[in-house]
Structures are given as C-alpha cells and as structure tokens.
Amino acid sequence: MKRDEQYSGGENFDLQTVLLRGRRLRLHERVECFGDFLRGLQRRGELTTMREVVSAADREVAVAEPGSGSPRKMLMFGSNNYLGLANHPYVVERVRRAVARFGAGIGGPPLLNGFTTLHRELEERLAALKGTEDAMIYSSGYGANVGLVTGLVNPDDFVLYDAYSHASFCDGLRMSGVEAHSFRHNDVDGLVRVLTRQAPGSSRDVFVGAEGVYSMDGDLAPVDRLVDICRACGAMLILDDAHGTGVMGPTGRGSAEHFGVEGKVDITMGTFSKVFAVTGGFVAAEKGIVEYLRYFARSYMFSASLPPAVIAAVLAGLDVMAREPDLRIRLHENVSYALEGLRSLGIEISCESGIIPLRVPRGMNIRRAARRFHELGIFVNPVEYPAVPLSQQRFRISMMATHTREDIDRLIDAVRAVWAEENLQDEEVCVQVGVRDAI
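Residues numbered from 1 in each chain as written. Predicted model: local features only at pLDDT ≥ 70, side-chain atom pairs only at ≥ 80, totals over all residues. Heavy atoms only, no water.

## Overview of the layout of surface pockets
The test is simple: Space inside and on the surface of the protein is sampled on a 1 Å grid over the protein atoms alone, with a cavity defined as a set of points where a 1.4 Å probe fits but cannot get out and a pocket as an open set with protein on both sides within 12 Å along at least 5 of 7 lines; lining residues have an atom within 4 Å of a point. Grid points are joined across faces, edges and corners, and a volume is the space filled by probe spheres set on the points. Under the DSSP-based scheme used, a helix requires at least four consecutive residues in state H or I and a strand at least two consecutive residues in state E, with every element numbered from the N terminus. Here the nonpolar group is Ala, Val, Leu, Ile, Met, Phe, Trp, Tyr, Cys and Pro; Asp, Glu, Lys and Arg are the charged ones; every other residue, Gly included, is treated as polar.
Each pocket or cavity is described by its volume, and for the second largest pocket that value is around 370 Å³. Looking at the second largest pocket, it is lined by 18 residues, and the ones nearest its centre are L47, T48, R51, P66 and H374. Sorting the residues of the lining of the second largest pocket by element identifies α2 (27–43), β1 (60–64) and α14 (366–375) as the ones contributing at least two each. No other element matches α14, which puts 3 residues into the lining of the second largest pocket. A class-by-class count of the residues in the lining of the second largest pocket yields 6 nonpolar, 5 polar and 7 charged.

Now the structure itself:
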C-alpha cells in the first residue's frame, strides 16, 4: 500500500511512535515505557479510558469509581447508541425470545453451520434498507471493512480514499497490498484530478472509499457528488455508513437517502455497534459481489457467526426505526438544542449528525478537563494528541434521542464550568469546529 504523507484521520494514529520517540526497544522495555505512561495518568487522575459501567446502557449510567468501586451516576454523552435502542423494551424482549428459540450461540462460521433463519432475514432486510440486491453479515465492523477490501481488490488495482477514513479500511488496504492514495478530506476536486489521470481503458479496477458521516467531526461526505464522479470516471464507490445508518435521511436509511442517491452507491458498509448498539457489521451490494465476498473475504469465512441474540437485537432495531420515526426526529432536535446551548457560550459550532465535536483551545489541558467533566457527572470522550494534532483536540459528544432537555442543560452547564475553570478569554472560547486541516 502506497500512501500520501498526510494525516489520515483520528483513528489511524500510533501512540507507540509518540511514546518511544524513535527509540528501538524490546518488548519488555516497550511495555515498561507504556506502563509508566499509564501510571502517571492514574496518579494525576487523568485516565478516563476503560471506565466500568455497572448499569444498563441508557441516557444515564452508573460508573464504578476507581479504587472504591462506588457507583457514580453520570449522563452518557459518549455512546453511539443514537436512538436509545440498547435498552429499548421491544429490543430486549426480542432478544429474550431469540435466545429461548435459538440458544446462546452457534459455534461456527456462516458458510458451514452458522447461518440461521434470523441471519437470512437480517441480510434481506439490510439489503432492502440500503437499496441493494443482497447483503452479508460480519462478526464485527472492523472485520467487515477488512474483509471487504482484501476480498475485492487485487494488488494491481487502484484505490483512492478520504484522508479521514476509518482505521479498519486503512488496515484492509495495507493487507491487500493494493496501490492506494488518500485525498484531502472531502476534497472532491482533488479526487477528480487524480481519477482523470487514470489511463482510459485501463484493465485495473479503480475504487473510491469515503464515509457517509465521519466519526471524529460528525461531518458528512458529499455522497451525491461522489456518486456522479465515480460514475463519470468508471470507479466503484465504497461507502462506510457506520454513523449514518439509522441517523441520516428522511426515514433513517442512511447517507445515500439523505443525499437522494439511494440505490446508486456501489458498495455500502455499515456496523451494528452504532445505532443498533450491539456488535457486528455488514456489506450491501449487488448479489454477485456479495456472493463473491462470502468466499473471498477471509474475515467472513474464518469468523464465527454472530449469536442469535445480536441478530435479534438488530432486527428489532429495524422494527423500532420503522415504527417510531419520532426517535430519529428527537435525536436531531436534541442536537439542535445542544448546538444552541453551546453557541450561547460563544462556541461556534455546526453539526448535521449525532456527533458534536467540541474543539478545545490549544492552551487547554484536555486531560484535566476530562477529569472535571467526569466529576460533574458528564460522561464524554476526549480525543487528544496523537489521535489528532494538538491544534485539533476535542471532546466528542454523542447525542441520543432519549436525552432530555434537562440532560442537555446539564451538559451545557458543565461545558461552561470547565471552560471557565481553564481561565479562557472570550476570544479563546470562539472555537472553530467542524473543519480539520490535513497535515
């Protein structure tokens, strides 16, 4: 895989490179170095990863305090459970019924013995959701992206992908050995320039990779323009719609519906770990491509099928999406309300999805701020260097349909308090959010 020297998204960083600073250390030395780093965070109370949730996933959760284990009630603004399906009564009941009928697990991959009536039903419904002929289920979203790329492309093909593409897509490119180049985030003009330089009538296939909703900033790809460009240039569009499915579009069918190009995206990848709040992934495309991937995507062939409970949860989630469209409406209303509150603090911010990126000024100690949010009972995820450049550190706020106005008011009050405690001046508070510079 050949890549441009360009920042390639918030989930493709190398913490080891930053910590080791070019030193070549043996395993036990690397482990000791990283252990010292973690222990330093713990001593300063700045370690906000691996927080232990001791309640059901909902708008409010109980988190075990380090050391004492005492539960602390917190408002959850760090989960991709956008529609609140994780603890929806209908979903829970469908899961119970599935376990009673099919048991806890299957014990085999889909091509052999891991394919049930539930799996077939879900594949059919996912294909209908995305306007394609067929769909296939993977045991994880990571496996779906890796299997999709390594199963489809040949080393002599050519892939162009957005610089903020997910780590799993980038890993698939590395494994495939294909010639791949990133283009600047959402720079469709740059994409066109590279595509048009491809030799007419070339025997190799050309693929373009993008995401409907990008996970770090919650911004959207211009999917309609990408469809037109790929068709004009003879390229195939691969769209990762993990954060768009269930959230975007008039009926929640995803980013293609949002942009009015349903049925025109060549290959759509999605996950169950966002709006459906479980685990797994899928690929939807024309029937021939799906059948081909069943036998050539190694992450599909050599992984056990998802258990019936997970499949039932996704099927139930699809039912809820269709029966309760007000959930999606409330989600976007909550996003709008939160944006209004943040703007009242002088924070310039925009968002069309369920992700609100709250950029922090360069001078803020983001770890100390993360600790304060935790102490104030607000569960929100910090995204710090080297996941993003120092100038682009942020808190990623994930909204849910089940949040109340009072919940969001508490979030805004917490932001006000944390920003004030960091002694920010008015001009520093005017944080520009929504655009990241590729480096």
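## Structural notes on the state of the cysteines
Test applied: Any two cysteine sulfur atoms within 2.5 Å of one another count as a disulfide.
Applying the stated rule across the entire model yields 0 disulfides. Take C230: it sits in no disulfide, and the sulfur closest to it among the cysteines is that of C233, at 7.5 Å.

## With respect to the packing of helix α3 (residues 89–102) against helix α12 (residues 308–323)
Helix-helix packing is characterised by the crossing angle of the two axes and by the distance between the axes. To keep things clear, this is the line we draw: Fitting a line to C-alpha atoms yields each axis, with helices limited to the stretch in contact; the angle taken between N-to-C directions then spans 0 to 180 degrees. Handedness of each helix crossing follows the sense of rotation of the near helix against the far helix: counterclockwise by less than a right angle gives left-handed, clockwise gives right-handed. Two residues form a contact once any of their heavy atoms are found within 4.5 Å.
The geometry of α3 relative to α12 is characterised by a closest axis approach of 8 Å and an angle of 145° between their N-to-C directions. In the packing of α3 onto α12, the handedness of the crossing is right-handed. Contacts from Y90, V91, R94, V95, A98, V99 and F102 of α3 reach α12 at P308, A309, A312, A313, L315, A316, G317, D319, V320 and R323.

## Section: the sheet that holds strand β2 (residues 71–76)
Short version of the rule: Two strands form a pair only when DSSP identifies at least two bridges running between them.
Spatially, β1-β2-β11 is the arrangement adopted by the 3 strands of the open sheet, whose pairing is mixed. In the strand order of this sheet, the two ends are held by β1 and β11 (378–379), each with one partner. Inspection of the sheet shows β2 paired to β11 by 2 bridges, in the parallel sense. Its bridge partner lying in β11, M76 is registered against F379. This element, α14, spans β1, β2 and β11 of the sheet and lies at about 105° to β2.

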